[in-house]
Amino acid sequence: MIFSAPVIALGATLGTASGILAICGLSLLCKSCKKGISEKDQESDSEKTQPSVFHSAQQFSVKKSTEPIQPRTLLKFPRIYTPKPLVTSPELINSTGYTLETTDEPSVEITAVPDDSCLATDDSDEVFIFPRQGSKEAFSISEELKRKTAASNTAPNPKLHFSLRYNTQTLELHVTVIEAENVSARQGHDCYITGHLTTKSGRSEALTSIRRVTPHLLWEETLVFPLPEGYGIEGEIALSLFNCDKFSRHTNTGVMRFKLADVSMLSDADCWVDLQPPKQDPAISVGEILLSISYLPAANRLGVVVMKVRSLQSDKLKDVIDLSVKLALKHQSTKLKKKQTRRVKHKMNPVWNEMMMFEVPHELLSQSSLDLEVLNQACVGDVQSLGRCAIGMQSTGTGLQHWQQMLNNPRKQLAMWHPLYE
């Protein structure tokens, strides 16, 4: 019992010492393992950083900075084209009163305006000059444009040069079409002359070859009409000028008529006559269409309300009735836009009340027009034309009257009936 306490204390001391030694050994072992792992990582990193095909041997150092980075713009400032001097004539430059002043200011002020409102460049493009509002140049140019527009609206009628001769041996009337002038290309770029001889015994027709529209057309072709009874009988001869376009549409743009009794007076004489616009007979119209039109100058919009159609007379309406109206806005002879109403079935007097809007600048109204056509769809793919009419400054009758009323009364709806012709 005396030695038991010291033995126990000695055992505890030895146990504590062995535990401390074991802990120290473990810590050394862990350090050695970590050192070996770090050396392997350094070797692998050095292998990765060795120069190769994909890695450069040059090392880059990245420095941190707290200064804000400004983005670099990729857009370049647009180049400004200043107008060239308008006065470049050597006669003006060499004159004593002409001085050329230079200035450092970027803006260039135009001090001279040419007489023409548009200039042609080498590429045949039109360059329009718009002077300052309120200036004398702007007033003179506007007056010049108005004068040219008025002159275009009052274009002269076509003129026809022809001669007559009756052949007593063959009993034929020879009408020689020599030439024509003032022929417009609005209705088509090709034209020809037709002749109709109407007597009690019947009607005969002859026509010339087709010519391209030019300021001066030359035919020198003879139209032959058989006339065995002689020119002393009652009858009439009509010479008409027709324009045709690429869609094979033939439009009568002028006509002249004379009696057979006048052949003796006109025989072997050169005759110049003004062709008059053809007159449409209301008795042969195939129906009527009610339209309402208005123009809003602030929005440059032309509003057309297709209201209804009545008194349609056509043999094409026997089997199927499926009616619609097609509208086409034209500037001179060019079609700008087309629109069409919905289809109405089984009604001889259909009602639509549909409004169509077209964007038309005010300065183009005098040379614009509307073409309307009533269509009947007999079956799929078979659309038949029942009648048509035109509204504009180039039209006649109610079409011209309605358009003029619209120009004189802006922002006001104006309705009018228009006859339809085949």
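The protein carries the name Synaptotagmin-13 in an unreviewed UniProt entry, which gives Acipenser ruthenus as its organism. We quote the UniProt Sequence similarities (unreviewed entry) comment for the protein here in full: "Belongs to the synaptotagmin family."

Student: How should I be thinking about the nonpolar core in this particular structure?
Tutor: In terms of nonpolar packing, the biggest core is built from 31 residues, with I289, L302, F358, L370 and L372 touching the most fellow members. For this core, the secondary structure elements donating two or more residues are β12 (287-296), β13 (301-310), β14 (322-331), β17 (351-359), β18 (368-379), β19 (382-392) and α5 (398-408). Excluding residues that lie within four positions of it along the chain, I289 makes contacts with V306, K308, V309, V325, L372, C389, M416, W417, H418 and L420. Y166, A180, I193 and F258 belong to the second largest nonpolar core, which has 30 residues in total.

Student: Got a minute to help me understand the sheet that holds β13 in this structure?
Tutor: Note: strands within a sheet are paired through backbone hydrogen bonds, in either parallel or antiparallel orientation. On the basis of which strands lie adjacent, the open sheet formed by four strands has the order β17-β13-β12-β20 and antiparallel pairing. In this open sheet, the two edge strands, each paired with only one partner strand, are β17 and β20 (414-420). Across the sheet, the mean angle separating the axes of adjacent strands is 25° when strand polarity is ignored. The pairing of β12 with β13 spans nine bridges and is classified as antiparallel. When the sheet's bridge partners are listed, E288 is paired in β13 with R310. Together, β12, β13 and β20 form the strand contacts of α5, whose direction differs from that of β20 by roughly 165°.

Student: It is not clear to me how the pattern of salt bridges should be interpreted in this structure. Could you clarify?
Tutor: Note on pairing: side chains with opposite charge can pair once their charged atoms come close. Tallied over the full model, the rule gives eleven salt bridges. A salt bridge links E234 to K200, with the nearest nitrogen and oxygen atoms 3.9 Å apart. Of the two residues, E234 is situated in the loop between β8 (216-226) and β9 (235-244) and K200 in the loop between β5 (190-199) and β6 (202-207); the sequence distance between them amounts to 34 residues. A relative accessible area of 74% means that K200 is categorised as exposed. Between D322 and R343 there is a salt bridge, with the nearest N and O atoms lying 2.6 Å from each other.

Student: Teacher, can you tell me more about the sheet that holds strand β11 (residues 271-274) here?
Tutor: Strand order in the open sheet made by the four strands is β8-β4-β3-β11, with antiparallel pairing throughout. Two strands bound the open sheet, and with one partner strand each, they are β8 and β11. Put simply, the sheet's adjacent strands are angled 25° from each other on average, direction ignored. Across four bridges, the pairing between strand β3 (residues 159-167) and β11 is antiparallel. Bridge pairing links L160 to V273 in β11.

Student: Looking at this model, I keep getting lost on α5. Mind explaining?
Tutor: Think of an α-helix as turning once every 3.6 residues; residues three or four places apart then point the same way. Where α5 is concerned, the buried positions are G399, H402, W403 and M406. Each buried residue of α5 lies within a common arc of 95° when the element is viewed along its axis, so the set occupies one face. Considering only its buried residues, α5 is in contact with β12, β13, β18, β19 and β20.

Student: Sorry, what's going on with the side chain of H174 here?
Tutor: Relative to the helices and strands, H174 is located in strand β4 (residues 172-181). H174 gets classed as buried once you look at its relative accessible area, which sits at 13%. When residues no more than four places from it in sequence are discounted, the contact partners of H174 are S163, L164, R165, N167, T222, L223 and V224.

Student: Is there a simple way to explain the packing of aromatic side chains in this structure?
Tutor: Two descriptors summarise a pair of aromatic rings, namely the distance from one centre to the other and the angle between the planes of the rings. Overall, the coordinates contain three aromatic pairs when judged by the stated rule. A centroid spacing of 5.3 Å and a plane angle of 80° characterise the contact between Y166 and Y231, whose relative ring orientation is edge-to-face. One end of the pair, Y166, is in strand β3; the other, Y231, is in the loop between β8 and β9, with 65 residues separating them in the sequence. Here the basic side chain of R310 rests over the ring of W417, its NZ or CZ set 3.7 Å away from the ring centre. Cation over ring: K339 sits above F358, and NZ or CZ is 5.1 Å from the ring centre.

Student: What should I look at first to understand unusual backbone geometry in this one?
Tutor: With the exception of glycine, the majority of residues adopt a negative phi angle, and the majority of peptide bonds are in the trans configuration. One non-glycine residue, Q332, lies in positive phi territory at about 60°. One can find Q332 in the loop between β14 and β15 (334-340). Looking at Q332, the relative accessible area reads 36%, which means it is partly exposed. At H346, a position not held by glycine, the phi torsion is positive, near 60°. Within the secondary structure, H346 is located in the loop between β16 (344-345) and β17.

So, how was this worked out
- Residues numbered from 1 in each chain as written.
- Predicted model: local features only at pLDDT ≥ 70, side-chain atom pairs only at ≥ 80, totals over all residues.
- Heavy atoms only, no water.
- UniProt positions renumbered as here; feature names shortened; annotations may be inferred.
- Core = buried A, V, L, I, M, F, W, Y, C linked by side-chain atoms within 4.5 Å.
- Buried < 20%, exposed > 50% of the residue type's maximum accessible area, 1.4 Å probe, protein only.
- Helix = DSSP H or I, 4+ residues; strand = E, 2+ residues; numbered from the N terminus.
- Contact = heavy atoms within 4.5 Å.
- Pairing = 2+ DSSP bridges.
- Axes fitted to C-alpha atoms, helices over the stretch in contact; angles between N-to-C directions.
- Salt bridge = Lys/Arg side-chain N within 4 Å of Asp/Glu carboxyl O.
- Arc of directions from axis to C-beta.
- Phe/Tyr/Trp six-rings, centres within 6.5 Å; stacked < 30°, edge-to-face > 60°.
- Lys NZ or Arg CZ within 6 Å of the ring centre and 35° of its normal.

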